[in-house]
Amino acid sequence: MNNINHNIESPKEKQNRHKAMEAIKLLNTLREDFKAPISSMEYFYDLFERVHCKHESLHDDKTKIGTMCIQIPSEIIYALDGVPIRLCNGFYTDDEIGSDLMPQKACPLIKATVGHFASGNFTDKPDIVFSPTTCDQKTKAGVTIESFGYKLIDIDFPRTKESEASREYWRRSVKQFAVELSRFQGKKLTRTSLKNAIKKIGYAQSLYHKLSEFRKNELVPILGLDVFLVTNAFFFDKIDNWIEATEKLLSELEIRAKEKITVSGKASPRIVYTGSPPIFPNYKIPLIVEQSDAIIVADETCSSNRMFNDMVAVDEWNIYDMMDSISDKYLKACTCPIFTKNEDRIRRVIQLVRAYKADGVVYQAFAGCTVYEMEQRSVLEAMEKEGIPIIYLESDYSPSQGGQLSTRVEAFIESLKNRRRMKK
Amino acid sequence: MLNLKRKINNMNLVRFRFWFQIVAFLIIVYGGYVGLDLGDKLPTFACVYNSEGTGGKCYVGMLQHDLKHPLETFMGFAGYAFLISLAMFIAWFWVLNKGWCGFVCPLGTMQDWLTALREKLKIRFSEYSWANRSKIKSIKYILLILLLIIPVMISNSIGGLPKLPNGLSMPFCDICPGRMLIPAFTGNFNQFYIDFSSKTDLVMTILGMMIVGLFLVGSFIKKRFFCYFCPMAALQYIFSKPALLKLYKDGAKCTKCGDCYRACDMDILEIADDVTSKNLVTEDCILCLKCIAACPEDGCLEANFIGITIFESSKEGFILRMAMDMQKESHE
Amino acid sequence: MNYFVGIDIGSTAIKITVTDEHKRLVGFKINASGSMFYKYAKETLQSLLDELHISQDDIAYTVATGYGRKLFKEADENISEITANAIGAQEAAREYGEIKTIINIGGQDSKAISLDSEGNVVNFAMNDRCAAGTGKFLDVVAMNLEIGVDELSDYHFKSTGTPLSISSTCAVFAESEIIGLLGSNHSVEDIVSGVHYSIAKRIVKLVKRVGIKENVYFDGGPALNAGLVHAIENELGKKIFVPEYPQITTSFGAAVLACDAFKNMPEVEREF
Ligand code: SF4
Ligand code: SF4
Ligand code: SF4
Ligand code: SF4
Ligand code: SF4
């Protein structure tokens, strides 16, 4: 019986196993714990399982262009024959690794991202990383990441979006980005390739919008969690596969809407979700919300709505105008809390509440994400003025902590149900 | 009904406008040949110098004429005539509001053609710098005031100043690019001349020539170059508020994405950034409706005619217009 | 011939170990403890001595340890189970090397003990607030999966998929989680390895509180489960030493102490 002969995992194997365990746990919950599962969601469950549990790489044959935030235009990356891989990370395993490299109170998303780089353990390792200077922590994390030997280029991003000066500034940054990338790829940006890329991403966005339309229905046919998964998949999936899978999902939803199949309960309050982005597999708060008999009908987060909502509009389909359109879209429409003022974000949340007939708003910030934490006040005030119930939650990536949060969320959701009853 | 509305919202505005402008151009520039006469109070540059072809006449020309009266007569019948003309101008104007500029004005159309040519040649447009932008805005008002005052000063001495020479009787027409360019479309190049008869005429006709050159070059490199300075636009704007056709915005739905601004040939920032006003027909707006076509938010911008929405922004329409509705790649 | 007895009266079992004067293991016996500690303890000791053909008179010294140590009045001495565990571990691993860290998973608690280079306990951490991560928990798991506790290891090594972790820290909730997983047709193998890794993660957290120093020793009944050993090693990223009879380290430690205590006694006192 004495010491059994088996090998001990390497740190890499251990990290992979931990991440696989995190991933499969969420995936199984999504697959099994909710009523009326959607069969075409299986593509997405399987995709995440393949990548995070079986460590399959998807883009062996392509140059992988890592991006640290949504402001790096994917259109240009596709036009230059690269694959954008968004590196925002949601794994607790990586968060723990990153914790040793970052200040204690840093944002878990950053810690996880840095931890991921530190481990160097990628299924699709980025060949080059572009980091827009958005929040302080991301901006500074670039240096740490570079110190691990990655090629990382900062892209200057202005933090006041109202001024015309910042429009000019950002247009120049985007041009610079295109130049850097084109040099790296040894390819020239052509009118046709850029046009095709814009149209392809526009098409993907149009699918997202169609998906959102279903969530306006009184009988919501899809979970907010599933939608988060679909949008998260866009971070790294092969875009054509993603498009095909989403098209299938849409046709299934079409049928569901006709047959009045819903994933929500009779009295489930409708929730708009805003704040720090839920990134796979950190769906802690959305999970609590939807397990407490509420349904997320819309969100205002950079891992989902903000990534898809706004579309590039081109007036003259020549490179000069396409580039400007792309730049403007990524700056002007963005509701990221890193901007000085952010009336737009408040207006967006209110508009979402109206358009999706939501009963309340869940605002969550990662402990350590200063910008979302700071904006909480003004958003709460604005919601109060509008008479929209809102709850503010702080969370991190750790798997514990669930009990307290769920008690608060449940109480909030029950209060929303009460409000509804009172109205009737 | 719903279906029709959807069709309209999904329309290809660029094509619609292109053909509409051509038809309007034909009517205004060649209508005279088929006996068309829309009167002489049109709120658009239907040039009187295109005497045979024109399907109506420009009110700016008329206005200068109306004002060239001694005060005494002006207090009498000339004054009435002036007021009636003005009322008719306003009546015409109210139908389309600034839409006259975006859809009818031949000078506007010509500029759009030059823009299209430039676009085909893949030459980047230029823009006014933001510092100069606000200064430019006032020029059209200055021109308007001048064209109102000069004719009056020909017939009257104001504040003891000497009367102005008769050569200035149509001061704006002298420098209006329409005077040379519009008749040219009917093969009439008579207006391309320099008048040596008097010093005033000499200066004015040379200035006119230069402005035509500027018009052609300017609007090739800058979209709607001339419209920024157009006194007609200034005159129109004074009466714009009660007009029947409106450009409305529902600020709550606006994401300030700026797509509308990018489409706007007049670089009107308010169209994207103003989320509190309802009426978005600003002084430079030519009501071309391009912004509506470029806005991806359902029901955020709309063209409204006497309270009825006739064309509004929609996601579906946007996607169709940007050809993002299908996954097809173009290979050029 | 003198024999030495170590009695560990725990909450779930009574473990008795007998050694000779060279601290060599002569025999041991484990019995459920139940409500009457004292009675059971005496009975168990008697039956063990009978089996080994040793008479009461040959017992030179007896040391009791465990929760119920104070109840066993016949003992010459009693010591805490932490100390006993530490002594037992060092003796059991004498040939393997110096033990600095001990992991013990008992029936209803788990412990991590840190030793200095002289073998003194310098720090320890214990989890006794809930059953998850204890032997009891493994029993419950095995029962729910309808397999024997001794089969857990086999299932663990047969797992090919991603281990399915259990998030509840409470055994009762964990039980319903497992039933849920079974209900959705997940493989028993993946559930078992998931349970092992969940326990292992919790244990490693506990060990981290006292600091991980080589070598690491693992005892307690669950240490017989090679799958669990594997999981803990992976979580620690280190090999750990598991003795031949991990279930009795503590009572063995008590017996070893009895041996030492007897040797250090003045000659005269030995007679009594
Ligand atoms: S969650 Fe906050 S701190 Fe973290 S990356 Fe996003 S904005 Fe920055
Ligand atoms: S010259 Fe210009 S202002 Fe004068 S009538 Fe012709 S178009 Fe009108
Ligand atoms: S502003 Fe432009 S379109 Fe309008 S009347 Fe003047 S020249 Fe014509
Ligand atoms: S395009 Fe529409 S949504 Fe975007 S800024 Fe203009 S009006 Fe607002
Ligand atoms: S605001 Fe709209 S209608 Fe007005 S000029 Fe600009 S694009 Fe045309």
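Keep in mind the model is a prediction, meaning the values are calculated, not measured.

Student: What exactly am I supposed to notice about the overall build of chain C here?
Tutor: The number of helices and strands found in chain C is nine helices and nine strands. For chain C, the C-alpha radius of gyration of 19 Å lies close to 19 Å, the compact-globule estimate for 272 residues. Projecting the C-alpha coordinates of chain C onto the three principal axes gives extents of approximately 70 × 40 × 30 Å. Counting only residues that meet the buried cut, chain C has 56% of its 272 residues in that class. Residue pairs at least 24 apart in sequence account for 64% of intrachain contacts in chain C once pairs closer than 6 positions are excluded. Put simply, chain C shows about 11800 Å² of open surface, and 50% of that area lies on carbon and sulfur atoms.

Student: How should I be thinking about the site of ligand 3 in this particular structure?
Tutor: Residues and elements named next belong to chain B. Taken together, Phe 45, Cys 101, Cys 105, Leu 107, Gly 108, Arg 224, Phe 226, Cys 227, Cys 230, Met 232 and Ala 233 form the complete shell of residues around ligand 3. Secondary structure elements with two or more residues in the shell around ligand 3: helix H7 (106–120) and helix H12 (231–238). Residues of the shell around ligand 3, tallied by class, amount to nine nonpolar, one polar and one charged.

Student: Would you take a moment to explain the interface of chain A and chain C for this structure?
Tutor: Taken together, the contacts link 18 residues of chain A with 29 residues of chain C. A salt bridge links Arg17(A) to Glu235(C), with the nearest nitrogen and oxygen atoms 2.8 Å apart. At the junction of chain A with chain C, the criterion picks out nine residue pairs in polar contact (both at pLDDT 80 or more). Grouping the amino acids of the side of chain A that touches chain C by side-chain chemistry returns seven nonpolar, six polar and five charged.

Student: Explain the domain arrangement of chain C here, please?
Tutor: Many analyses report the size of an interface as the accessible area lost when the parts associate. All names here are of chain C. Segmentation of chain C into domains returns domain 1 (1–93 + 248–272) and domain 2 (98–242). For domain 1 and domain 2, the distance between their C-alpha centroids amounts to 27 Å. Taken together, the contacts link 14 residues of domain 1 with 15 residues of domain 2. Approximately 1200 Å² of surface area, both sides summed, lies buried where domain 1 meets domain 2, with 63% of it carried by carbon and sulfur atoms. Contact with domain 2 buries surface across domain 1, with Ile 82, Asn 85 and Gln 90 losing the most and accounting together for 41% of the total. Taken together, domain 1 and domain 2 are joined by zero salt bridges. For the side of domain 1 that touches domain 2, the secondary-structure elements that each account for two or more residues are helix H2 (81–92) and helix H8 (249–263). For the side of domain 1 that touches domain 2, the element with the highest residue contribution is H2, accounting for eight residues.

Student: Before we go on, may I ask you to explain the packing of helix H2 (residues 13–30) of chain B against H7(B) in this structure?
Tutor: The description of two packed helices rests on the angle between their axes and on the distance between the axes. Residue and element names in this part refer to chain B. Two numbers describe how H2 lies on H7: the axes approach to 10 Å, and their chain directions differ by 135°. As judged from the angle between their axes, H2 and H7 are oblique. By crossing handedness, the relation of H2 to H7 is classed as left-handed. On H7, the residues touching Arg 17, Phe 18, Gln 21, Ile 22, Phe 25, Ile 28 and Val 29 of H2 are Pro 106, Thr 109, Met 110, Asp 112 and Trp 113. Split by residue class, the contact of H2 with H7 holds eight nonpolar, two polar and two charged.

Student: Any chance you could explain the site of ligand 1 here in plain terms?
Tutor: The environment of ligand 1 is made up of Cys107(A), Ile110(A), Cys135(A), Lys138(A), Pro277(A), Phe366(A), Cys369(A), Val371(A) and Tyr372(A). Classifying every residue of the shell around ligand 1 by side-chain character gives eight nonpolar, no polar and one charged.

Student: Honestly, the sheet that holds strand E1 (residues 63–67) of chain A in this entry has me stumped. Any pointers?
Tutor: Residues and elements named next belong to chain A. Strand order in the open sheet formed by four strands is E2-E1-E3-E4, with parallel pairing between adjacent strands. The open sheet has two edge strands with one neighbour each: strand E2 (82–86) and strand E4 (152–155). Within the sheet, the average angular offset between the axes of one strand and its neighbour, ignoring direction, is 25°. In this sheet, E4 lies alongside strand E3 (residues 128–132) in parallel orientation, the contact comprising four bridges. Note that in E4 the partner of Phe 130 across the bridge is Ile 153.

Student: Is there a simple way to think about the pattern of salt bridges in this case?
Tutor: Pairing between side chains of opposite charge can happen when the charged atoms of each approach one another. With the rule as written, the count across this model stands at 61 salt bridges over all chains. Residue Lys19(A) is joined to Asp94(A) by a salt bridge in which the shortest nitrogen-to-oxygen separation is 2.6 Å. A residue pair is termed long-range when its members are at least 10 positions apart, and Lys19(A) in helix H1 (residues 11–32) and Asp94(A) in helix H4 (residues 92–99) qualify at 75 residues. No difference in accessibility class separates Lys19(A) from Asp94(A), as the two residues are buried. Measuring nitrogen to oxygen at the nearest pair gives 3.7 Å for the salt bridge that ties Asp284(B) to Arg133(B).

Student: What am I meant to see in unusual backbone geometry here?
Tutor: Most peptide bonds take the trans form, and the phi angle of most residues other than glycine is negative. Cis geometry is adopted by the peptide bond preceding Pro281(A), which originates at Phe280(A) and carries an omega value of -5°. In this structure, Pro281(A) sits in the loop between strand E5 (270–275) and helix H11 (284–291). Even without a glycine there, the phi angle at Lys122(B) is positive, about 60°. Positionally, Lys122(B) belongs in the loop between H7 and helix H8 (130–155). Despite not being glycine, Lys23(C) has its phi angle at roughly 65°, a positive value.

Student: What should I look at first to understand helix H2 (residues 42–52) of chain A in this one?
Tutor: An α-helical turn contains 3.6 residues, so a residue and the one three or four places further along point in the same direction. Counting buried residues in H2(A) gives eight out of 11 residues, a clear majority hidden from the surface. In the core, the buried residues of H2(A) are packed alongside H1, helix H9 (224–233) and helix H10 (239–259) of chain A.

Student: Would you take a moment to explain the packing of aromatic side chains for this structure?
Tutor: Residues and elements named next belong to chain A. For the structure shown, the criterion picks out 44 aromatic pairs over all chains. Taking 4.7 Å as the distance between ring centres and 80° as the angle between the ring planes, the aromatic pair formed by Phe 117 and Tyr 150 counts as edge-to-face. Of the two residues, Phe 117 is situated in helix H5 (residues 108–119) and Tyr 150 in the loop between helix H6 (136–147) and E4; the sequence distance between them amounts to 33 residues. Across the pair, exposure class does not vary: Phe 117 and Tyr 150 are buried alike.

Student: Any chance you could explain the pairing of strand E8 (residues 390–395) of chain A here in plain terms?
Tutor: Residues and elements named next belong to chain A. In terms of burial, E8 is a largely internal element, five of the six residues being buried. In this sheet, E8 lies alongside strand E7 (residues 360–366) in parallel orientation, the contact comprising six bridges. What sits directly across from Val 362, in E8, is Ile 391. A crossover links E7 with its parallel partner E8, the connecting element being helix H15 (residues 370–386), and its sense is right-handed.

Student: Honestly, the nonpolar core in this entry has me stumped. Any pointers?
Tutor: Proteins that are soluble and globular tend to have nonpolar side chains buried together. Core analysis: the largest hydrophobic core is formed by 189 residues, its most contacted members being Leu229(A), Trp242(A), Phe218(C) and Ile232(C). Here this core takes 11 residues from helix H6 (residues 188–210) of chain C, the largest share from any one element. Other than its neighbours up to four places away in sequence, Leu229(A) contacts Leu27(A), Leu30(A), Met41(A), Phe44(A), Tyr45(A), Phe48(A), Phe280(A) and Tyr283(A). If you look at the next biggest cluster of nonpolar residues, it comprises 81 residues, including Met11(B), Ala24(B), Ala234(B) and Cys291(B).

Student: I would appreciate a short explanation of the arrangement of the chains in the present structure.
Tutor: By number of contacts, the leading pair among the two pairs of chains in contact is chains A and B. What separates chain B from chain C at the closest point of their C-alpha atoms is a distance of 37 Å, and the two make no contact.

Student: Just to check I follow, could you spell out the interface of chain A and chain B for this structure?
Tutor: Across the contact, 38 residues belong to chain A and 41 residues belong to chain B. Of the roughly 3500 Å² buried between chain A and chain B on both sides combined, carbon and sulfur atoms contribute 47%. Linking chain A with chain B are eight salt bridges. With its nearest N and O atoms 2.2 Å apart, the salt bridge here joins Arg124(B) to Asp324(A).

Student: Would you mind going over helix H7 (residues 164–185) of chain A with me for this structure?
Tutor: All names here are of chain A. Taking 1.5 Å of rise per residue, 22 residues should cover 32 Å, and H7 covers 31 Å from first to last C-alpha, within 8% of that figure. Among the residues making up H7, those that are buried are Glu 164, Ser 166, Arg 167, Trp 170, Arg 171, Ser 173, Val 174, Phe 177, Ala 178, Leu 181, Ser 182 and Gln 185. The positive-phi residue at the C-terminal boundary of H7 is Gly 186, with phi of around 65°.

Student: Which parts of the structure should I look at to understand the pairing of E2(A)?
Tutor: Within a regular strand, side chains alternate between the sheet's two faces. Residues and elements named next belong to chain A. Within E2, five of the five residues are buried, which leaves the element mostly enclosed by the surrounding structure. Of the two faces of E2, the one carrying Gly 82, Pro 84 and Arg 86 and the one carrying Val 83 and Ile 85 are both buried. Viewed along the sheet, the connection from E1 through helix H3 (residues 74–79) into E2 turns out right-handed.

Student: What should I look at first to understand the environment of Glu373(A) in this one?
Tutor: Residues and elements named next belong to chain A. Here Glu 373 shows up in helix H15. Along the chain, Glu 373 and Tyr 392 lie 19 residues apart, while their C-alpha atoms are 9.4 Å from each other. Dropping the residues within four chain positions of it, Glu 373 is found in contact with Ala 365, Phe 366, Ala 367, Gly 368, Tyr 392 and Glu 394.

Calculation criteria
- Residues numbered from 1 in each chain as written.
- Chains lettered and ligands numbered in written order.
- Predicted model: local features only at pLDDT ≥ 70, side-chain atom pairs only at ≥ 80, totals over all residues.
- Heavy atoms only, no water.
- Helix = DSSP H or I, 4+ residues; strand = E, 2+ residues; numbered from the N terminus.
- Rg over C-alpha atoms; globule rule 2.2 N^0.38 Å.
- Buried < 20%, exposed > 50% of the residue type's maximum accessible area, 1.4 Å probe, protein only.
- Contact = heavy atoms within 4.5 Å.
- Areas by Shrake-Rupley, 256 points an atom, 1.4 Å probe, with all protein chains shown as cover.
- Near = heavy atom within 4 Å.
- Nonpolar A, V, L, I, M, F, W, Y, C, P; charged D, E, K, R; others polar.
- Salt bridge = Lys/Arg side-chain N within 4 Å of Asp/Glu carboxyl O.
- Polar contact = N/O pair within 3.5 Å; in protein donor to acceptor, adjacent residues only side chain to side chain.
- Domains from an automatic or database assignment.
- Buried area = accessible area lost by both parts, 1.4 Å probe.
- Axes fitted to C-alpha atoms, helices over the stretch in contact; angles between N-to-C directions.
- Parallel < 35°, antiparallel > 145°, perpendicular 65-115°, else oblique.
- Left-handed = near helix turned anticlockwise from the far one by under 90°.
- Pairing = 2+ DSSP bridges.
- Phe/Tyr/Trp six-rings, centres within 6.5 Å; stacked < 30°, edge-to-face > 60°.
- Right-handed = clockwise from strand over helix to strand, strands pointing away.
- Core = buried A, V, L, I, M, F, W, Y, C linked by side-chain atoms within 4.5 Å.
- Expected span 1.5 Å × (residues − 1).

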